[in-house]
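Summary of the model geometry
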Amino acid sequence: MSETLTIDTPDGAFSAYVARPSATPAPAVVVIQEIFGVNKVMRDVCDSLAAQGFVAVCPDLFWRIEPGIDITDQSEAEWKKAFELYNAFDVDAGVADIAATLAVVRALPGVNGKVGAVGYCLGGLLAFLTAARTDSDATIAYYGVGIEKHVGEADKLARPLLLHIAEEDQFVPKEAQKVILGALKDHPQIAIHTYPGRDHAFARVGGEHYDAADAGSANARSLAFFKSNLG
């Protein structure tokens, strides 16, 4: 079952896609978008989480620039649009919007009070910052871009964080990976998995670098992580 939720903030209101599991009460997961908006890939992630027993909510984080972005990674024009949105995006405002979403979702009927978050690409960076700055109970970042610039924020981390890193990520070069691993690998709340030979967005179904085996492996780790921390 899917529906649309409205999140109100002091700056205005934005929408979120919601997928609900067949049985409640259940834990919830906020799904943090890539640079393509709340598109089919993100809605499918929500639907899959709902099928696995979670209330899944994907907020429209580009609403301050242009509400309702829903594009793909399949054309040059869409990539151009996606990078324009990415360059115009205010990361701090985005994390504040995620915090507002977490608060609304935690109080939704059918949610058992536990709420985690998972983000991909731009959403991977936002997931890392969500783990550091909000009360998310457990957070997962897939191939987050720019985490190396914010590793100092891990000092504020009080709840579990799981990072999936593609070793050949064109947007997270080896030097950046070295900074991330060096700063975070021994943190008591952080688990890191790296994927040799994989490029950015290896878990995006239908994407150029999709790898079914490693996507399956990462998603299985993510599910186990959420079940253990949000159950």
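What comes next is a walk through the structure. (Residues numbered from 1 in each chain as written. Predicted model: local features only at pLDDT ≥ 70, side-chain atom pairs only at ≥ 80, totals over all residues. Heavy atoms only, no water.)

1. Observations regarding the nonpolar core
Quick note on the threshold: The criterion is simple. A nonpolar core is a set of buried Ala, Val, Leu, Ile, Met, Phe, Trp, Tyr and Cys residues joined through side-chain atoms within 4.5 Å. Each residue gets one of three labels from its accessible area relative to the maximum for its type: buried under 20%, exposed over 50%, partly exposed in between, using a 1.4 Å probe on protein chains only. Every helix listed is a DSSP run of H or I at least four residues long, and every strand listed is a run of E at least two residues long, numbered separately from the N terminus. Whether two residues are in contact is decided by their heavy atoms: any pair within 4.5 Å suffices.
Grouped together as the largest cluster of nonpolar side chains are 82 residues, with contacts concentrated most on Val 31, Val 118, Leu 184 and Phe 226. For this core, the leading source of residues is helix H4 (residues 122–133), giving 7 residues. Not counting residues within four places of it along the chain, the set of residues in contact with Leu 184 comprises Phe 128, Ile 147, Val 151, Ala 154, Leu 163, Ile 190 and Ile 192.

2. Description of the packing of aromatic side chains
Rule in force here: Pairing of aromatic side chains requires ring centres within 6.5 Å, counting the rings of Phe and Tyr and the six-membered ring of Trp. Pairs whose planes differ by under 30 degrees are stacked, by over 60 edge-to-face, and all others tilted.
Under the criterion given, the structure shown has 13 aromatic pairs. Taking the centre distance of 6.4 Å and the plane angle of 55° together, the rings of Tyr 120 and Tyr 143 count as tilted. You can see Tyr 120 sitting in strand S5 (residues 111–120) and its partner Tyr 143 sitting in the loop between strand S6 (139–142) and strand S7 (161–166), a full 23 residues away along the chain. Judged by centre distance (6.0 Å) and plane angle (50°), the ring pair of Phe 225 and Phe 226 falls under tilted. Note on accessibility: Phe 225 and Phe 226 belong to one class, buried. Put simply, the rings of Phe 36, Trp 79, Phe 83, Tyr 86 and Phe 171 touch in pairs and so form one group of aromatic residues.

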